[in-house]
Structures are given as structure tokens and as C-alpha cells.
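# A look at the structure
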Amino acid sequence: MRYHILAAFYIGLIAGCARGPDVEFNTDIRPILNERCVGCHGGIQRQGDLNLLFRSEATAMAESGKPAIVPGQPGQSELIRRVAHSDPEYRMPQDDAPLASEEVRALRQWIREGAAWEQHWAYVAPERPSVPAVSWPGWPQRDLDFFILARLDAEGLEPSPPAPCPTLVRRVTLDLTGLPPEPEATHAVCNGPLRYEQYVDQLLDSPRYGERWAAMWLDLARYADSKGYEKDIGRTIWRYRDWVVQAFNKDKPFDQFTVEQLAGDLLPNPSEDQLIATAFNRNTMTNTEGGTDDEEFRTAAVVDRVNTTWEVWQGTSFSCVQCHGHPYDPFRHHEYYEFFAFFNNTADRDFDDEYPTLPQFDEADVAEGAALLEELEALERAILRLAEEDAIAKARQLWETQLNRPEVIGQVRNMLQNEVRRVSLVPEAQRDAAQRTLIASVYARISPDSQLIALRERQGDIRRTMGELNPLQTPIMQELPAHQRRRTYVFERGSFLARGEEVTAGTPRALPPLPEDAPRNRLGMAQWLVSDANPLTARVTVNRFWEQLFGTGIVESLEDFGTQGYAPSHLELLDHLAVSLREDCAWSIKCLLRSIVTSSTYQQSSSVTPELKAADPYNRLLARGPRFRLSAEQIRDQALHVSGLLSPAMYGPPVMPPQPDGLWNNPYDGRRWTTSEGDDRYRRALYTYWRRTIPYPSMVTFDSPTREYCVSRRLRTNTPLQALVGLNDPVFVEAAQALARRMASRGEDAPSRLAAGYVLALAHMPNNKARQTLMSLYEEAEAHYREHPADAAALTGAAESAELAALTLAAQAILNLDSFLMKE
Amino acid sequence: MAHECHNYRPITSRRDFLGRMGLGLGGVALASLVAMKPPPGPVARARRIIYLFQSGGPSQFELFDYKPLVNQMHGEELPASVRQGQRLTGMTGFQNSLPLARSHFDFAQHGQSGAWVSELMPHVASIADELCFVRSMHTEAINHDPAITFFLTGSQIAGRPSMGSWLSYGLGSENDNLPAFCVLITKDKSGQPLYSRLWGNGFLPSLHQGVQFRSGADPVLYLNNPEGVSAKVRRRMLTRLRELHELKAQEPGFEEIEARIAQYEMAYRMQTSVPDVMDLSDEPDHVVNMYGPDARNPGTFAANCLLARRLAECGVRFIQLFHQGWDHHGGLPGGIRVQCRETDQPSAALVTDLKQRGMLDDTLVVWGGEFGRTNYCQGRLTDEDYGRDHHPRCFTLWMAGGGVKAGLSYGRTDDFGYNIVQDPVHVHDLQATLLHILGIDHEKLTFKHQGRRYRLTDVHGHVTRALLV
């Protein structure tokens, strides 16, 4: 309660600061504290019992017996005395250069004015900013353009002219669908009847749209088709991947999208889809290595769920708080475990069978499957009832006295051992209902009672029968029944072996509280994330989509909106987009994307003058359009698309396009990479089997993460291994062969064929010099292959045709052009 | 460099200069992500590391940590006072009895330093005076995956950059034809799987990832031209591709296309330099013979040791070998004999070969696994056969060259070989020491990710100065 009052107090202070004092906490004071002080007096170390992250602690009595800060009284404040001390023995920071005199002066003035702690901007809910005045009112097409132009005005820069139409069409098609445009579409927009806005709507309606954005989301969801860790056995969880594709295509509002993934199982009468959505958090890794402590890795999975939630929805490096208070941001160590408690009561426990799972029976077996499931539940109830009866209870009491023997306690599956031992020490009369059920249910599994044995055998039979139906089992989230609920403790230094105080589920005090009537479970937590009061979710979300389109977020550190993250390049724009997503778009992502891609900002040319390049090398001000390398998925999909090979098939089990032999060398696992046949060779990258420890080579070569944990931002790099993929990976060689055939069918002579290939790839015609260079390449190659017909046959994969071989080589050059690998 | 590398080329042009960033062809736009301001650090004692990683956890009891008391007490129960409640794995955690198991193999002292080495490692024993044994290594993890991930990335949880990636990031490349960080795995072994995260770049830019060299036709993935494309045809095609790129580069604002050009040129050079460096046919017989008969069989540990020397000559910064198969839960005497036959001679030959070429001074060789093994038996203990479970509290590792003290045996375990009684060296300490040897202050080589500055040693690690000359 105390914290809530304080939180309100801070927010009150911000309002109070509107008078505009000369010294502002966020701009003048926090940088000094973060840079020079909190390393020793912050969330990790609290030397001298002083923590400068919280006003309440900074103004409290420290170890010295004096408060560091006495608001209004710099002369009484130990902090000032120590930073200004002439004797280096006493001066702070210790053993380091003293603060600059302006810094000391600023601290003094700030304390004199009351030592107000401002909230970091990201923890204050965004409000709709007014649209600024600009120098060129005719330029903006969307509200967001005003914010961009106002900033350019302030910097003395001008926006770039619009991008050439074919370039813009290629840009927006890649952005919204992950694929390049068909030449016919480019023509229709640039020379024909289709308006750009209409074309954008077509792209948003395309099923390819969901696939493109799912590829982004799956990095966050750490989606993979294997369990991770040492053995990295396969996992069947692709129904979740398909759910994400469908959710984007149906434009499921982002708040629902959030709630279903984090807590779909806790919604009233959850649909099968809503249960599949919860597999978001079953993408955590499972350790099937022999001899591991399942509780250790169950805990690791819960930790991952907490960290992922904070990274994806709150843009906050909450993982820091796992081991200690946050070094810079106002999150306390125990708050980590209060949040952890939301996730700590699901039924999964690092078991090899991935329990709990949602079965999906073949159509013919649906009725039988449902009946079997029902009988299993009835049996479970019968077993529990029986286990609580007298005769068996007597045997159980005897068993409980022997729990200290390894072979006896060894019969209890790992994670329950401690709890069973603990309950057995509670006198039977004092056990609560949950404890009684727990111990009865555990004993029921091993009791030699003949009736129980019969019921267990019946259970086994049903499970076998169900196994024969071989339903698809997708891991999902499921809350534990009352008798199995786990307690949550603070882990000292983050170690699950070092339990501290017990905590209950809650959200950190630095953010608005859970509403009084909200359920204290995952559902309440998920709804809190997408509530109007939450200052972060909408901002973090719009920033993520913005980054995909422009290459850099408004906050460059997508994953860190805290005080150590990058400051936003356009804070008001961020807030405008965040409020607009929630209020104008009702959380529709298509609505958000439409407003961005139809803006003047987005449609600018990405060409850059040397002056502009010098003024804004990283294009943070957006006086030009975006230009950056495509993602790994886009590079594969684009090559297959322009060559006409790409399969339009959607959904289903992952596929195995060609990869070099011998990569899957896992001795524990009989699985082999069996190259998919037919169209499945040419599916979109999103459907490629994703094995965490041995990811598909061209994906990681083009900077995809391994999906072992959540990644917000892929770093784009440039390595010779990428060139080798583009030139020699059989997937890209096949694409070149197919593009060559397509080129041959689209022209009568070499120049027209080469131009056709260029247009297919880049949406615009080559200029004269490029034409000549391609022609030289072609002629040299053709001459060579005329003399080497066998080579021609090998390269084309079929005919001994020097023309086709030369076209194939030209197609390779086109598929490796910088402009092809870039979005321009 | 004093020694010769066939692929060495001097810098002659701006384009070459870009190429000399090795795999680091970041270009202007990436400069902020890639560039690592060299932090002021200690004086470098070595320029490169060859790490002979022995995956699975070699048993120190049969190799380097001589324990007569365990031999005497063979079959007796491990005293609880020694174990002190240390957690066990699920494999022996429910075993009723934990009987001590003696080493099946004899030990002797070797060289002037008098280092104890067992009869399984005669070649290593013969160069004992070149080696620096650390008998007091300890780690935190007790299962393979977390332990090897911890050893090579500084954290048990997947996702951090590997040691070689940190070095590539911190020091860059010394050659323009090969990656700065190369990985060689002994072929046809079984045991714990090796995953690319062990040489992965984690959150560092992917140009710092280790590149696996494989024995066989395609030594680096996609190195070979497709069928029907000769080197000559490829060269001509790449020249035309370069011309197309240069056309674009002439437009204002597209200078970073230089990096794209350099990327394709280096790929082309690798197509020659990688097969060259892997072709051992120009090695004289007496050198190959030194590594043992396996050295003529590509992909064996012996051939990889020889290849490692060649890569070191070409200025590769971090050469990581992996040899699987040390996880002897049962059948230890037979199993470890095979492992030693495969690794003893080539490991010693590598050190000797480097020394003969004057390269041991600036090359550090490291030999060891992810944890040790228990002094007690896992499974049935007989006179001829036994097994040992994982043991994180102590194990042995050796190093050679690179400014570490030769002929030193550092640290001591108790008479049961269960706990360390003197000079413990934690994995983070070893990592700090390795970076120190290469001239890097482990606390200063950091990368900001998710709001935090990360480093190889997390927030731990002290340089073990006693190991250094």
C-alpha cells in the first residue's frame, strides 16, 4: 500500500513540475546519478545503505546516520557535502574523478527546489500530443508526417522527393507481405488504374501479409520445432505458428492477441484456438538431458516467460531483476518474483512428454477421442476418491514414514519430492484440502492396492488406445488445480536453490497497479498489460512495427525503454502513434500499418545527397526513405518468388528444404533431415523446420536468431558467408535456374530476356549501363558454354543449352545484386 | 609473422583494406554496431588461441589428478563429510551407495617439473615441462549442456556470445582470406551433441560467429561453386557483378556498396584459401608423422590439430577444436583408452610443432573439458570396470605457450579428489585469464544488449596471475 501512495506521489510531482524549474530531474539529474552514483548506491550495491533510485530511500537515514538528501536543504544533505568535499578520502565518487562544478551546482539547486524525482518518460502514460505546426503544410498526408516535418524544420532539413513509383511499390509490397511485387501489379499502380491506397489495402488483405508479420512475431515468441538444450528433440508446436499467421491475417486486435497468448486458457470457456494461442509460452526450452533436475529447468522456463513478457510488451530488461534490484530502473528484486508468481502455477514441469498438451484427433477419430478423454478424467476422479479411503490411507501413512529413503522418495517424480516430504511432516489433522489431495494423488500412483492397480491399468489402456489414434499433441498452458499450487519465493542472486521470502503475485510499484477487482492471475496480468493505464505496451508495440518499416525504431533499443535505453528520436510521434493505435485503431495493426505506409514520410525516396548523409548518417530524422537489407526470410522468399518457384501453400507441419548433408549429427536423435518433395521444397522460410541447436544455415547466415530465447532486434551484418549462400546454396542456384527459364519465356532475344529478369527482381528497368554490363556477362558466358556443353547441362540442370546456361549465370548476378538484397 | 602462410597478402588498396576487416565488412552503416574501440588493456602475451575442447568431461582421476588415497579406499563409501551435501545428478542421486573407485591406470611423475600424468597420456607426459596444469578448475553446472555452454559463453543459459566471438569482436581479424574464428570437430564421434551456439555470436553481430570447417568436399558450407560453374566462369561473373555494383556506387549516397563488393570478393578468395589451408599434401612426412597415423585421415582429431597449426599460421585468431566422447558413466577404462589414443599424440605434437616454428610464444594452447568426474563409481564397481558421474567441484585442464608458466602444476584437490583445497580457478577466472593473455581486460570488453553491458565473464572472474610468466 505504501508503495502505491508513493507512486501516486511521483506522478503528482511530474504535474507539479510543469511550472518549469531550471533544473529537471530527467535531463539534468538522472544522468549524473546513473553515470556517477548508482553503480555503488543503486539496485545492485547499496553501499552505506544508500539507494539513489528511489526518493524514499535517498531521503531516508543512511548508514552514516544522515540522510543523503534533505529536500529543500542542500546544506543539510550529505550527498552535497560528500560530492563537494575537498578531501579525496571523503569525496564521492570514491577513487574517481570528482563531479564537475556545474554538476554539483545542478544537484544543489535540484535539492533546494525539493529534490523531486520525475518518472522516466516511459513510465508515464502517453497522452495524445497536439499536431505541431510545420513550414510546409502541403507535405504531410498523415498526422505522423507533421511530427517528422516539424523536427526536420527544427534541424533545417527538408524531406526528400517521393520515391520513384516502382521502387515504392517494391518497398511497400516487401514490407507488408515479405515478397516483391508482380510486374503486373507495379504496372497497375504506376501506369494504370490502381491507386496506391487501393494497392495497400490489397496487400493488407493478402494471406501473405500474415506470413510476413508472423515471421517477426516468432522471433519474439522464440518459436522453434525443437525443444532446445542438449538433445534438442523435436517438438510439435506448429499449430501455434499457424495461429499467429491467422491472427495477423484476421487482424485480431493486439489487445486480444496479447491476452489469448498469455492467458487464453483462463478465459471463460476457452476455444481451441485460444488454447493454442497459449503455446506462446510453451516455446520455452525443455531439457531432456539425462539426470537433470526438472525443477531447475521448469524454473528456467518460468524465468524465460517473465523475461519474455517484459521484453515483448514492456520493452524492459526485467531479467536484470532476477538476481538483484534493477541497476538503473525502479524495479526491485522481490518484484521480479511477484511477477514470476503469475507464471509459476502452470502444469508443465520440464517433462519429456511436454505435458500438458492439447490433442487434435483425425476427423474420423474425433468422437472416439473425446470419449476417451472424458473417461480419463472420470478415472482420475475415481482414483483420487479411492486413495482417500481408510485402507489405502493406512498404507499411505506407513509409506510417509519411509520418505527419507532414496528408493521410496525416488518413486515420486522430481518436482514434487520436496513438497511431498514437506506435507508429510504436517500432522494429518492439520493438512488443508490441497495438501490432502496432493499426498493422496501422489500415493495413488504407486499404491499396491488391487483396486487402484486395476484403475491405473484401465488408465494405461485408455492412454494406449488414445496413442493409437495418434492425435497431434500441441503443448499448451494449463493452470494447476488448487492442491498442486506452488509457492513462490524470492530467489537470492537468482538461484532457484537459494529461496528467500515467500511472495504472492503482483506487478511492480513503478507502474500503475492492477485494478482492485482484477484477478490475481495470468489473465489479470495480461489484461493489465493492455489496459489504458499501462504506459508501455502501446508504445513498445508501435515502435516494433515502425522499426520493421524504417529499419530503426523511434526508440532504437526496441527491447529497452528504460533509462539506459536510447532516448526516442521523436517522443511525441511515438506517443501519437501509441494513443492512435489504442483509440483510433482499436488496436488494429492493419490500421496502424496503413497509416504509416500511406504517409509522406514513408513514401520518400531513399536516395541521399552527401549533405544529408553527413547531417543524418543513420537516417534517424527521416528526411529520406528507408534503405536496408532484407531479413533472412525475405531473402529466401524473394528469390523463390521472382523465379516462380515459391509455393503458396500455407500452414501445417514444418518442411525441410535442401540443406547440406551431415549437419544433423545429434547422436540422441534418430531424426534425419529428409529433404521435402514437390512444392514443399519451395515453401516460405517461415515453414522451414527450425531446430534450435542446428538452425537452417542460410537463416542464421543472414542474421536470424536461434530462437532459444526472445529476440526483439536482429542485427544486420555483412559477411562473405552470405555471398557464398547467394552464389552456391542449392536453394539459390535452383532459383537462378528457374528465373533463367522464366526470363527465356518472357523475351525473344537476350537483351529483352535480361531486362525481363531485372524487372522481375527489382520492379524497374535497368539503365543503359546496367543493361550493357548484363549483356557482357551474358555473352562471355554464352561463349564459354558453347565450348563446354556438359557444363551448360550441369548448370541448367537440364538442357545442353549455352543460352540457358548464360541466362542462369545472369540470373545469379541479378539475385546477388545489392539492390535485390536491399529494401530501397 | 615469422612463419609463412601461403595466403598472406599485403594491403594494396582501399578495397583490400575493407577486405582486411576480415569478416568484418560492416561498412559505414554498420560502423556503430560493429566497431569495438579497443579498450586499454594489459600487454598481449599471445595473439591467438587454439582450444582443444574435450567434450563430455574427461576424468581427472585417470589422467592428471593422482589420488593414492582413493586407490587405497577402493570400494569404500565416500564419506559424507567429504561430499558435504553437494548436489548430485539425477543419475546417481538415487544410488544407494557411492563407493570410491580407484584409477585403473598407473601414474608417474614426469620431467623436471615432476608433473603427475598417467600412463594413458605418454606423449603429453613427455612434454610435461612445456605444460601448465591447472588441477583446481571448478564450475557451477552439473549437466553437459549448461556446463559446456557456461564454459564457452560464460553463462549456462543459451544466448551469450562464445569465447571466440568475443575475441573476434575485441581483436578483429589478422587475415583477409579466412574467418577470425574457425571451428573443427572430430568426425564420426558420438557423445554429447555439439551445437552451433558453442561457437555462435549470441547477440554480437553475426560476422563474429565461428565458421565450422568440415572434412570432405564442402569444407565451409556453400564454398563450392555449383556444378557447371568453373572458377574461371565464376571470376568473370563476379567481375561483372562488381561492375554492376560500381555503377550503383557512383550514385551519391551509396558508398556502402563498397562493403557489398568486398563481401563478394572475400567470398571468392575464401574459395581458394580454404581448400589451400586444408590441403595437407604440402606438409612434409616428418611433420605429419609427429601427429600420428590418424593425421593422414581428414577430420580426425590428429588431422584437425595439424590443420589448427596451419590456420594459426594464417593468422586465424581463435581455433576451436571439439573432440567428443569423454562422458564415461560406465565402461570407463575401455572408453578412456580410446579417447587417449585419439588425442594424446596429436595434442602433444601440436605443442611441439608450434614450438619448433617459434609460434608457441604467441599462441596459447588449451586442453580440457566442461567438468570433471566423481571419485565414486556410477553403476556397478568391479575390478575391471566402473563408471564415474559428472563432478563440477574440481577437474584438471592444461595450457601451453602464450605466456603461461611452463612446468607448473597449479592448485590442489583434497586426498579424495572431491574438493579443492588450494588455489581454486573458476571457469570465469579462466576466461578472464585467457582474455588477459590476449591483451584484453575482461571487465572492459563489453557489448550493450537489452539495456545491459554484457561481457564474457558476466559479473565475475579474476585473472589468475600465478599462471602467467
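Residues numbered from 1 in each chain as written. Chains lettered and ligands numbered in written order. Predicted model: local features only at pLDDT ≥ 70, side-chain atom pairs only at ≥ 80, totals over all residues.

### Focus on the overall build of chain A
- The helix and strand tally for chain A stands at 35 helices and 6 strands.
- The C-alpha atoms of chain A give a radius of gyration of 31 Å, which matches the 28 Å a tight globule of 824 residues would have.
- Along the longest, intermediate and shortest principal axes, the C-alpha atoms of chain A span 95 × 80 × 50 Å.
- Residue burial in chain A is summarised as follows: out of 824 residues, 49% are buried. (Helix = DSSP H or I, 4+ residues; strand = E, 2+ residues; numbered from the N terminus. Rg over C-alpha atoms; globule rule 2.2 N^0.38 Å. Buried ≥ 20, exposed ≤ 12 C-beta atoms within 10 Å, placed from the backbone.)

### Observations concerning the packing of helix α10 (residues 207-220) of chain A against helix α11 (residues 238-249) of chain A
Residue and element names in this part refer to chain A.
- Two elements in contact, α10 and α11, have axes separated by 7 Å at closest approach and are oriented at 125°. By the angle between their directions, the pair α10 and α11 is classed as oblique. Along this stretch, α10 crosses α11, giving a crossing that reads as right-handed. Two secondary-structure elements touch here, α10 through Pro207, Tyr209, Gly210, Glu211, Trp213, Ala214, Trp217 and Leu218 and α11 through Arg241, Val244, Val245, Gln246, Phe248 and Asn249.
- Broken down by class, the residue content of the contact of α10 with α11 amounts to 9 nonpolar, 3 polar and 2 charged. (Axes fitted to C-alpha atoms, helices over the stretch in contact; angles between N-to-C directions. Parallel < 35°, antiparallel > 145°, perpendicular 65-115°, else oblique. Left-handed = near helix turned anticlockwise from the far one by under 90°. Contact = placed C-beta atoms within 7 Å. Nonpolar A, V, L, I, M, F, W, Y, C, P; charged D, E, K, R; others polar.)

### A few points about the confidence of the model for chain B
Residue and element names in this part refer to chain B.
- A residue-level look at chain B finds 91% of positions with pLDDT of 70 or above and a mean pLDDT of 87.
- Note on residues 6-37: pLDDT is under 50 here. Beyond four places in sequence and across chains, it has 67 contacts.
- Both confidence scores are given for the complex: pTM 0.84, ipTM 0.86. (pLDDT = per-residue confidence, 0-100.)

### Some details on the nonpolar core
- The biggest cluster of nonpolar side chains holds 304 residues, and the ones touching the most others in it are Ala810(A) and Cys132(B).
- It is helix α34 (residues 802-815) of chain A that contributes the most residues to this core, 11 residues altogether.
- A domain split of this core shows at least three residues from each of domain 2 (253-353 + 486-529) and domain 4 (728-823) of chain A.
- Not counting the four nearest positions on each side in its chain, Cys132(B) is found in contact with Trp398(B), Met399(B), Ala400(B), Val404(B), Lys405(B), Ala406(B), Leu408(B), Tyr410(B) and Leu467(B).
- One finds Leu53(A), Leu79(A), Met92(A) and Leu107(A) within the second-largest nonpolar core, a separate group that totals 27 residues. (Core = buried A, V, L, I, M, F, W, Y, C linked by C-beta atoms within 7 Å. Domains from an automatic or database assignment.)

### Focus on the interface of chain A and chain B
- Listed as interface residues are 74 residues of chain A and, on the opposing side, 63 residues of chain B.
- Put simply, the parts of the chain that give the side of chain A that touches chain B at least two residues each are α14 (294-314), α18 (406-409), α26 (610-615), α29 (720-728), α32 (768-787), α33 (789-796), α34 and α35 (818-821) of chain A.

### Remarks on α32(A)
- Under the 1.5 Å per step criterion, the end-to-end length of α32(A) is 29 Å for 20 residues, consistent within 8% with the ideal 28 Å.
- Along α32(A), the residues that are buried comprise Ala770(A), Thr773(A), Leu774(A), Leu777(A), Tyr778(A), Ala781(A), Glu782(A), His784(A) and Tyr785(A). Taken down its axis, α32(A) places every buried residue within 170° of arc, on the same side. What points out from α32(A), more than 90 degrees from its buried face, is the exposed set Asn768(A), Glu779(A), Ala783(A) and Glu787(A).
- In this structure, the buried residues of α32(A) make contact with α31 (750-762), α33 and α34 of chain A together with α9 (231-250) of chain B. (Expected span 1.5 Å × (residues − 1). Arc of directions from axis to C-beta.)

### What to know about helix α7 (residues 144-153) of chain B
Residues and elements named next belong to chain B.
- Of all 10 residues in α7, 10 are buried, a share of seventy percent or more.
- Every buried residue of α7 is listed here: His144, Asp145, Pro146, Ala147, Ile148, Thr149, Phe150, Phe151, Leu152 and Thr153.
- Looking at the buried positions of α7, the neighbouring elements they touch are α8 (163-171) and α14 (427-437).
- Two residues or fewer after α7 comes glycine 154, characterised by a positive phi angle close to 85°.

### Points about unusual backbone geometry
Residues and elements named next belong to chain A.
- A cis amide bond links methionine 92 to the next residue, proline 93, at an omega of -10°.
- Mapped onto the elements, proline 93 comes out in the loop between α4 (78-83) and α5 (101-112).
- Put simply, tyrosine 355 and proline 356 share a cis peptide bond, and its omega is -5°.
- Here proline 356 is to be found in the loop between α15 (333-343) and β1 (357-360).

### Thoughts on the environment of Cys323(A)
Residues and elements named next belong to chain A.
- With respect to the helices and strands, cysteine 323 occurs in the loop between α14 and α15.
- A tally of 16 C-beta atoms within 10 Å means that cysteine 323 is categorised as partly exposed.
- For the pair cysteine 323 and histidine 333, spaced 10 residues apart in sequence, the C-alpha to C-alpha distance is 6.9 Å.
- Among residues more than four places away in sequence, those in contact with cysteine 323 are Arg493 and Gly494.

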